[in-house]
Amino acid sequence: MISYSHVNEDSIPEHTMMTTASFSNMVTVAGSGERVIALMDHESLESIIIVDPNIEALYLTELKITALGLFSVSEYLFFIGYKSSLNDLDRKDLFSKVIKRLSKNCGIYWKTNLGIIIKGKLLLCGHFERFLYRVSLLMRFLFYSRIDSMMHYPYADWNGYEKSLWKILKKLFTYKMSYVLMGNKDPAFIHEDAELSYIIRAFQESFDKNEQLNSFFIQLLFKGNLQEMPKEALPNSLSEAFLTKVKKRLEQKKITMEYHQTDLLTYLQKEKEFERTFISTSDILSFELPKYMNTILGLVSKQNGDTSNHIVWRSFLKHRDFYNSRSNSTDLTIQDISQSDKTNMYKVYSMNF
């Protein structure tokens with residue numbers, strides 16, 4: 001199962017940290033592939049190792065990156081379904097070209113699931129995205145024509161109906177059963193330790209500050225797509241200007257790609273040394289205990305050198321403040337960079353090693 005297929009994390013924290021040094025290598029969890037692409041413009045980057053225990057996540061990431069290197073940026077955005085139409089192009093014809101460049105098993109997988117591509121559903125085929133789409137249908141039904149005004153005005157300026165209905169929905173979505181009934185079986189949301197109130201707080205903060213138009217989470221929740229987001233607010237992986245930079249690097253073969261079906265810790269344990277390496281873990285604490293992350297931090301911190309390496313990790317609804325509390329028994333220098341995450345959703349941490 002593809003768990004995530006669209007943008008589900010703000011890559012700005014990682015992107016910002018990468019500008020502080022010159023990294024030659026990146027080790028990253030695949031996820032939906034969007035975060036990976038959003039970090040590929042780093043000028044000195046030469047090698048990207050993409051790991052994920054979910055083989056389908058690797059297949060999705062490989063397809064996106066290969067397609068971006070082969071097609072024009074406009075064709076790529078049409079191929080993944082961000083653009084609904086483009087001249088007389090046909091996604092099936094585009095796939096017949098890209099499959100020749102995919103690894104054998106990846107090609108077989110997408111040939112079997114070609115319907116997803118033909119229908120323009122590549123960005124919306126993930127388990128989480130299908131859940132978000134169902135919620136967006138509910139939102140559009142309940143708020144109807146009011147959604148447009150709600151996207152442009154701060155919460156203080158909403159009318160009584162909008163505020164009352166939103167208050168009910170906020171309460172509803174603090175219960176795990178609401179997510180289950182809407183088809184969300186993601187452990188990041190329904191695990192017994194998941195604190196769902198953080199989601200509501202993040203949305204409310206965005207509404208209070210009138211930042212909802214620039215929030216991809218809110219756009220997906222209320223609109224079901226990102227087509228109406230301002231161009232300057234689009235995530236890097238959907239920005240034509242940004243993708244043009246990445247495509248140029250791919251065409252010039254300045255980056256080598258490797259895909260490994262394994263978890264991050266297992267891969268890192270096989271590595272003897274890290275040099276000018278950036279590690280992006282995604283929201284790893286949604287699926288692993290702090291002990292797992294501490295093992296990774298302990299492993300990489302044993303490196304000898306001039307701290308030319310860097311690691312960024314996230315927590316979503318679980319273990320959010322572990323690295324700001326006394327429960328964290330590590331003696332490592334860890335930085336909380338959550339303020340740079342525009343979604344208001346995640347706690348984001350980083351460390352040089």
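Residues numbered from 1 in each chain as written. Predicted model: local features only at pLDDT ≥ 70, side-chain atom pairs only at ≥ 80, totals over all residues. Heavy atoms only, no water.

### Looking at a nonpolar patch on the surface
Consideration 1: Nonpolar side chains collect at one region of the surface, where Met-177, Val-180 and Leu-181 lie side by side and expose about 310 Å² of accessible area between them.
Consideration 2: Structurally, the position occupied by Met-177 is in helix 11 (residues 176-181). (Patch = residues over 30% accessible without salt bridge, like charges linked within 9 Å, V, L, I, M, F, W, Y side chains within 5 Å. Areas by Shrake-Rupley, 256 points an atom, 1.4 Å probe, with all protein chains shown as cover. Salt bridge = Lys/Arg side-chain N within 4 Å of Asp/Glu carboxyl O. Helix = DSSP H or I, 4+ residues; strand = E, 2+ residues; numbered from the N terminus.)

### Topic: the nonpolar core
Consideration 1: Counting residues in each nonpolar core, the largest one holds 93 residues, and the members touching the most others are Phe-79, Trp-110, Trp-166 and Phe-222.
Consideration 2: Per element, the largest residue contribution to this core is eight residues, and it comes from helix 3 (residues 55-70).
Consideration 3: Once residues within four sequence positions are removed from consideration, Trp-166 is found in contact with Met-139, Phe-143, Tyr-155, Trp-158, Phe-203, Gln-204, Phe-207 and Phe-222.
Consideration 4: One finds Val-51, Ile-296, Leu-297 and Val-300 within the second-largest nonpolar core, a separate group that totals 24 residues. (Core = buried A, V, L, I, M, F, W, Y, C linked by side-chain atoms within 4.5 Å. Buried < 20%, exposed > 50% of the residue type's maximum accessible area, 1.4 Å probe, protein only. Contact = heavy atoms within 4.5 Å.)

### Points about the packing of helix 3 against helix 15 (residues 240-251)
Consideration 1: Running from N to C, helix 3 and helix 15 point in directions that differ by 85°, and their axes come no closer than 8 Å. For the element pair helix 3 / helix 15, the angle class is roughly perpendicular. Of helix 15, the residues touching helix 3 (which contributes Ile-65, Leu-68, Gly-69 and Leu-70) are Leu-243, Val-246, Lys-247, Leu-250 and Glu-251.
Consideration 2: For the contact of helix 3 with helix 15, the class distribution of residues is six nonpolar, one polar and two charged. (Axes fitted to C-alpha atoms, helices over the stretch in contact; angles between N-to-C directions. Parallel < 35°, antiparallel > 145°, perpendicular 65-115°, else oblique. Nonpolar A, V, L, I, M, F, W, Y, C, P; charged D, E, K, R; others polar.)

### Focus on the sheet that holds strand 5 (residues 310-315)
Consideration 1: Strand order in the open sheet made by the seven strands is 3-2-1-4-5-7-6, with mixed pairing throughout. Unpaired on one side and paired on the other, strand 3 (256-260) and strand 6 (335-336) mark the two borders of the sheet.
Consideration 2: Here strand 6 runs beside strand 7 (residues 347-352); their pairing, made up of two bridges, is antiparallel. Each bridged residue has a counterpart across the sheet, and for Gln-335 the counterpart in strand 7 is Ser-350.
Consideration 3: Contacting strand 2 (47-51) and strand 3, helix 3 crosses the sheet at an angle of about 165° to strand 3.
Consideration 4: Together, strand 4 (277-280), strand 5 and strand 7 form the strand contacts of helix 17 (residues 290-301), whose direction differs from that of strand 5 by roughly 175°. (Pairing = 2+ DSSP bridges.)

### As for the pattern of salt bridges
Consideration 1: For the coordinates displayed, the defined rule picks out eleven salt bridges.
Consideration 2: Across the pair Lys-64 and Glu-34 runs a salt bridge whose closest N-O atoms are separated by 2.6 Å. Within this pair, whereas Lys-64 is found in helix 3, its partner Glu-34 is found in helix 2 (residues 34-37), the two being separated by 30 residues in sequence. Across the pair, exposure class does not vary: Lys-64 and Glu-34 are buried alike.
Consideration 3: Overlapping salt bridges, with partners in common, bring together Glu-14, Arg-314 and Asp-341 in one network.

### Regarding the environment of Leu-226
Consideration 1: Along the chain, the position of Leu-226 falls in the loop between helix 14 (216-222) and helix 15.
Consideration 2: For Leu-226 and Asn-214, which are twelve residues apart along the polypeptide, the C-alpha to C-alpha distance reads 9.6 Å.
Consideration 3: Apart from the residues within four sequence positions on either side, Leu-226 is in contact with His-6, Tyr-82, Phe-216, Gln-219, Leu-220, Leu-234, Pro-235 and Leu-238.

### Details of the state of the cysteines
Any covalent bond linking the sulfur atoms of two cysteines counts as a disulfide.
Consideration 1: In the structure shown here, the tally under the stated rule is zero disulfides.
Consideration 2: The structure places no disulfide on Cys-125, whose sulfur is separated from the nearest cysteine sulfur, that of Cys-106, by 12 Å.
Consideration 3: Residue class for Cys-125 comes out buried when judged on its relative accessible area of 10%. (Disulfide = S-S within 2.5 Å.)

### Here we look at the pairing of strand 7
In regular strands, side chains alternate between the two faces of the sheet.
Consideration 1: Of all six residues in strand 7, five are buried; the element is thus mostly enclosed.
Consideration 2: Pairing of strand 5 with strand 7 involves six bridges; the strand directions are antiparallel. Paired with His-310 across the two strands is Asn-352, which belongs to strand 7.

### Some details on the environment of His-42
Consideration 1: Within the secondary structure, His-42 is located in the loop between helix 2 and strand 2.
Consideration 2: In the structure, His-42 is positioned 204 residues away from Val-246 in sequence and 8.7 Å away in space, judged by C-alpha atoms.
Consideration 3: Each residue touching His-42, except ones within four places of it in the same chain, is listed here: Met-18, Ala-21, Ser-22, Phe-23 and Arg-249.
Consideration 4: Looking at His-42, its side chain comes within polar contact range of the main-chain oxygen of Met-18, at 3.5 Å. (Polar contact = N/O pair within 3.5 Å; in protein donor to acceptor, adjacent residues only side chain to side chain.)

### What about unusual backbone geometry?
Consideration 1: In this structure, Tyr-144 is a non-glycine residue whose phi angle is positive, near 50°.
Consideration 2: Relative to the elements of secondary structure, Tyr-144 occurs in the loop between helix 8 (127-143) and helix 9 (146-152).
Consideration 3: Positive phi is not limited to glycine here, since Lys-253 has a value of about 55°.
Consideration 4: The topology assignment puts Lys-253 in the loop between helix 15 and strand 3.
Consideration 5: Residue class for Lys-253 comes out exposed when judged on its relative accessible area of 70%.

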